[in-house]
Amino acid sequence: MMVASIFRRSEIPWGGPVDGLLQEEITLDEQRLVKIPDSLSDVEAAAAPCAGSTAWQALVTFGGIKPGDVVLVQGTGGVALFGLQVAIMAGAHVIVTSSNDNKLERAKALGAFAGVNYRTTPEWSEAVLALTDGRGVDHILELGGPGSFAQSLKAIRSGGRISAIGYLGSSEGGINPLDVFRKQAVVHGISVGSRLALESLLHAMGRSSQRPVIDSTFEWTNATAAFRRLHAGEHFGKIVLTF
């Protein structure tokens, strides 16, 4: 069994202002547990919450993704890579942005059809529009925050959906509401996925060739080294602590 990222409205989620799950033993309500498909390893399943369920919530639960859609994911972090895989399982096409060309090539190896380096191409929306023959993309997993949101509004198609998930960049920036109006874009804030989203993701991955991308594993007693790798920003995929 694995721990699901589920909490009631009156509860504080683990890992925020309270202790997380770096513990030898813990007592849980059964509603907080999700069964692992036999085809997934414990390490793969442990990588799914919360990033995977968040990507599923954005693209499937609310996004209604369908075959042939074009999805843009920002970066190659946990939510972005799960978004890439969820989109591929749905039969969609994926564009990835990153500041690292090597990571873009690795994303293509996972199934992305194109990548754009936002460091060498600051106006990356122009490259995205060129890749879509001027139409724009159907879905964007917006992970950069206000610093990238203006570019997302230029890259989205008319009536497309932007899932605002992360603030990896600055928390400050100007967004002209008229740009949202002109594109008639649907902007939806996504905090995390539900238990149902996590169960659906695990079920889908269990029946497909897609597997969570694991960057590295560390013994749970060596969590400090795992955090160092995370903070260095060199990882590609999830960093998992094993017991």
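Residues numbered from 1 in each chain as written. Predicted model: local features only at pLDDT ≥ 70, side-chain atom pairs only at ≥ 80, totals over all residues. Heavy atoms only, no water.

Caption draft 1: Highlighting the packing of aromatic side chains. Enumeration over the complete set of coordinates arrives at 1 aromatic pair. Judged by centre distance (5.6 Å) and plane angle (45°), the rings of tryptophan 220 and phenylalanine 243 are tilted. One end of the pair, tryptophan 220, is in the loop between β9 (214-219) and α9 (223-232); the other, phenylalanine 243, is in the segment after β10 (238-242), with 23 residues separating them in the sequence. (Phe/Tyr/Trp six-rings, centres within 6.5 Å; stacked < 30°, edge-to-face > 60°. Helix = DSSP H or I, 4+ residues; strand = E, 2+ residues; numbered from the N terminus.)

Caption draft 2: Broad picture of the pairing of β10. Where β9 and β10 come together, 5 bridges link them in parallel fashion. Within β10, the residue paired with serine 216 across the bridge is isoleucine 239. Taken together, β9, α9 and β10 form a β-α-β motif whose crossover is right-handed. (Pairing = 2+ DSSP bridges. Right-handed = clockwise from strand over helix to strand, strands pointing away.)

Caption draft 3: Representation of the pattern of salt bridges within the structure. Counted under the stated rule, the structure contains 8 salt bridges. Across the salt bridge formed by arginine 182 and aspartate 179, the nearest N and O atoms sit 2.7 Å from each other. Here arginine 182 pairs with aspartate 179, and both are found in helix α7 (residues 177-183), just 3 residues apart, close to one helical turn. By relative accessible area, which is 54% here, arginine 182 ends up exposed. What you see here is one network of salt bridges that share partners, running through Arg135, Asp138 and Arg157. (Salt bridge = Lys/Arg side-chain N within 4 Å of Asp/Glu carboxyl O. Buried < 20%, exposed > 50% of the residue type's maximum accessible area, 1.4 Å probe, protein only.)

Caption draft 4: Structural view of helix α2 (residues 51-61). Within α2, 9 of the 11 residues are buried, which leaves the element mostly enclosed by the surrounding structure. Residues of α2 that are buried include every one of Ala51, Gly52, Ser53, Thr54, Ala55, Trp56, Gln57, Ala58 and Leu59, and no others. Contacts made by the buried residues of α2 are with β3 (70-74), α3 (78-89), β6 (137-142), β7 (156-164), α8 (195-206) and β10. (Contact = heavy atoms within 4.5 Å.)

Caption draft 5: Structural context of the sheet that holds β3. Taking strand neighbours across the sheet as the criterion, the 6 strands line up as β5-β4-β3-β6-β7-β8 in an open arrangement whose pairing is parallel. Of all the strands in the sheet, the pair left with one neighbour each is β5 (114-117) and β8 (186-189). Across the sheet, the mean angle from the axis of one strand to that of its neighbour is 20°, orientation sign disregarded. Where β3 meets β6, 3 bridges bridge the pair, whose relative direction is parallel. (Axes fitted to C-alpha atoms, helices over the stretch in contact; angles between N-to-C directions.)

Caption draft 6: Structural context of the packing of helix α5 (residues 124-131) against helix α6 (residues 146-155). One can describe the packing of α5 onto α6 by two numbers: an axis separation of 8 Å at closest approach and a directional angle of 20°. With respect to α6, the element α5 is oriented roughly parallel. When you trace α5 past α6, the crossing you get is right-handed. Two secondary-structure elements touch here, α5 through Trp124, Ser125, Val128 and Leu129 and α6 through Ser148, Gln151, Ser152, Lys154 and Ala155. (Parallel < 35°, antiparallel > 145°, perpendicular 65-115°, else oblique. Left-handed = near helix turned anticlockwise from the far one by under 90°.)

Caption draft 7: Spotlight on the confidence of the model for the chain. Across the chain, the average pLDDT comes to 88, with 90% of residues at or above 70. A low-confidence stretch, residues 1-10 (pLDDT under 50), is modelled with 34 contacts involving residues beyond four sequence positions or located in other chains. (pLDDT = per-residue confidence, 0-100.)

Caption draft 8: Examining the side chain of threonine 97 more closely. Here threonine 97 is to be found in strand β4 (residues 93-98). With residues up to four places along the chain from it excluded, the contact list for threonine 97 reads Leu72, Val73, Gln74, Gly75, Leu104, Val116, Tyr118 and Trp124.

Caption draft 9: Layout of the environment of histidine 235. Within the fold, histidine 235 resides in the loop between α9 and β10. When the C-alpha positions of histidine 235 and aspartate 215 are compared, they lie 6.0 Å apart, and in sequence the two are 20 residues distant. Residues within four places of histidine 235 in sequence aside, it is in contact with Lys103, Asp215, Arg229 and Leu230.

Caption draft 10: Focus on α9. Along α9, the positions that sit buried rather than exposed are Ala223, Ala225 and Ala226. Seen end-on, α9 carries its buried residues on one side only, within an arc spanning 160°. Opposite the buried face of α9, at more than 90 degrees from it, the exposed residues are Arg228 and His231. Buried residues along α9 sit in contact with β9 and β10. Positive phi shows up at glycine 233, right after α9, with a value of about 75°. (Arc of directions from axis to C-beta.)

Caption draft 11: Seen up close, the side chain of threonine 132. Within the secondary structure, threonine 132 sits in the loop between α5 and β6. For threonine 132, a relative accessible area of 11% translates into the label buried. Side-chain polar atoms of threonine 132 contact the backbone nitrogen of glycine 136, separated by 2.9 Å. Setting aside its immediate chain neighbours within four residues, threonine 132 contacts Val70, Ile95 and Val137. (Polar contact = N/O pair within 3.5 Å; in protein donor to acceptor, adjacent residues only side chain to side chain.)

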